[in-house]
Amino acid sequence: QVRLVESGGGSVQAGGSLRLSCAADGDSYIMGWFRQVPGKQREGVAVFYTGAGTSAYADSVKGRFTISRDNAENTLFLQMNSLKPEDSGMYFCVADTYVRAGSHWRPSRYNHWGQGTQVTVSS
């Protein structure tokens, strides 16, 4: 069982920055961030393979967001720069303790989800 607790969300004007944190109390094969707008399916933002130290980003955030992990404190981060209004949404920290086939952008593969932290970007 892995418990995930997000923090760092808030309101910011377009062009600003936020840094999200996710504290985990267990180890996972893959961790990441998904976001959701009301009435829309959750979509992947960035993922991080803990063993390999590799990451992947949605095209819409590549070059602006950076995912990283502090191994000593078992905390996942998402540095978000040059924020746009379309980045607004509830951001969820996700983790999966299993190696699985298929896309890491599929929400249903992750067996652990945080409760989310709200990000609002105004123009």
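Parameters and conventions
- Residues numbered from 1 in each chain as written.
- Predicted model: local features only at pLDDT ≥ 70, side-chain atom pairs only at ≥ 80, totals over all residues.
- Heavy atoms only, no water.
- Salt bridge = Lys/Arg side-chain N within 4 Å of Asp/Glu carboxyl O.
- Helix = DSSP H or I, 4+ residues; strand = E, 2+ residues; numbered from the N terminus.
- Buried < 20%, exposed > 50% of the residue type's maximum accessible area, 1.4 Å probe, protein only.
- Contact = heavy atoms within 4.5 Å.
- Phe/Tyr/Trp six-rings, centres within 6.5 Å; stacked < 30°, edge-to-face > 60°.
- Lys NZ or Arg CZ within 6 Å of the ring centre and 35° of its normal.
- Pairing = 2+ DSSP bridges.
- Axes fitted to C-alpha atoms, helices over the stretch in contact; angles between N-to-C directions.

Trainee: Looking at this model, I keep getting lost on the pattern of salt bridges. Mind explaining?
Mentor: Opposite charge on two side chains lets them pair, provided their charged atoms get close. This model, assessed by the stated rule, comprises eight salt bridges. Across the pair Asp 25 and Arg 3 runs a salt bridge, and its minimum N-O distance is 3.8 Å. Taken together, the positions of Asp 25 in the loop between strand E3 (18-24) and strand E4 (30-36) and Arg 3 in the segment before strand E1 (4-7) put the pair 22 residues apart, joining distant regions of the chain. Judged by relative accessible area, Asp 25 falls into the partly exposed class, the value being 45%. The salt bridge involving Lys 40 is made with Glu 43; its shortest N-O contact spans 3.9 Å. A relative accessible area of 47% means that Lys 40 is categorised as partly exposed. Given the relative accessible area of 30%, Glu 43 is considered partly exposed. Through salt bridges with shared partners, a single ionic network connects Arg 35, Lys 40, Glu 43, Arg 64 and Asp 87.

Trainee: Would you take a moment to explain the environment of Asp 96 for this structure?
Mentor: Structurally, Asp 96 can be placed in strand E9 (residues 89-96). Relative accessible area serves as the criterion here: at 0%, Asp 96 is assigned to the buried category. For the pair formed by Asp 96 and Ile 30, sequence separation is 66 residues and the distance between their alpha carbons is 5.5 Å. Among residues more than four places away in sequence, those in contact with Asp 96 are Ser 28, Tyr 29, Ile 30, Arg 109, Tyr 110 and Asn 111.

Trainee: Sorry if this is basic, but what is going on with the packing of aromatic side chains here?
Mentor: The geometry of an aromatic ring pair is captured by the separation of the ring centres together with the interplanar angle, meaning the angle of the planes. A complete count under the given rule lists four aromatic pairs for this structure. Residues Tyr 29 and Tyr 49 carry aromatic rings whose centres are separated by 5.5 Å and whose planes lie at 75° to one another, so their mutual orientation is edge-to-face. With Tyr 29 in the loop between E3 and E4 and Tyr 49 in strand E5 (residues 43-49), the pair connects residues that are 20 residues apart, well separated along the chain. We classify Tyr 49 as buried; its relative accessible area is 19%. Connected via pairs of aromatic rings, a cluster forms that spans Phe 34, Phe 92, Tyr 110 and Trp 113. Of note, Arg 42 hangs over the ring of Trp 113, and the distance from its end group to the ring centre comes to 4.4 Å. When the ring centre of Tyr 110 is taken as reference, the NZ or CZ atom of Arg 109 above it lies at 5.5 Å.

Trainee: Even after reading the chapter, I still don't get the sheet that holds E3, so can you show me in this structure?
Mentor: In spatial order, the strands read E1-E3-E8-E7; together these four strands make up an open sheet with antiparallel pairing. Both edges of this open sheet fall to E1 and strand E7 (65-70), since each of them pairs with a single strand only. Adjacent strand axes in the sheet meet at a mean angle of 15°, parallel and antiparallel pairs treated alike. Summarising the sheet, E1 and E3 pair through four bridges and their orientation is antiparallel. Counterpart to Leu 4 in the pairing with E3 is Ala 24.

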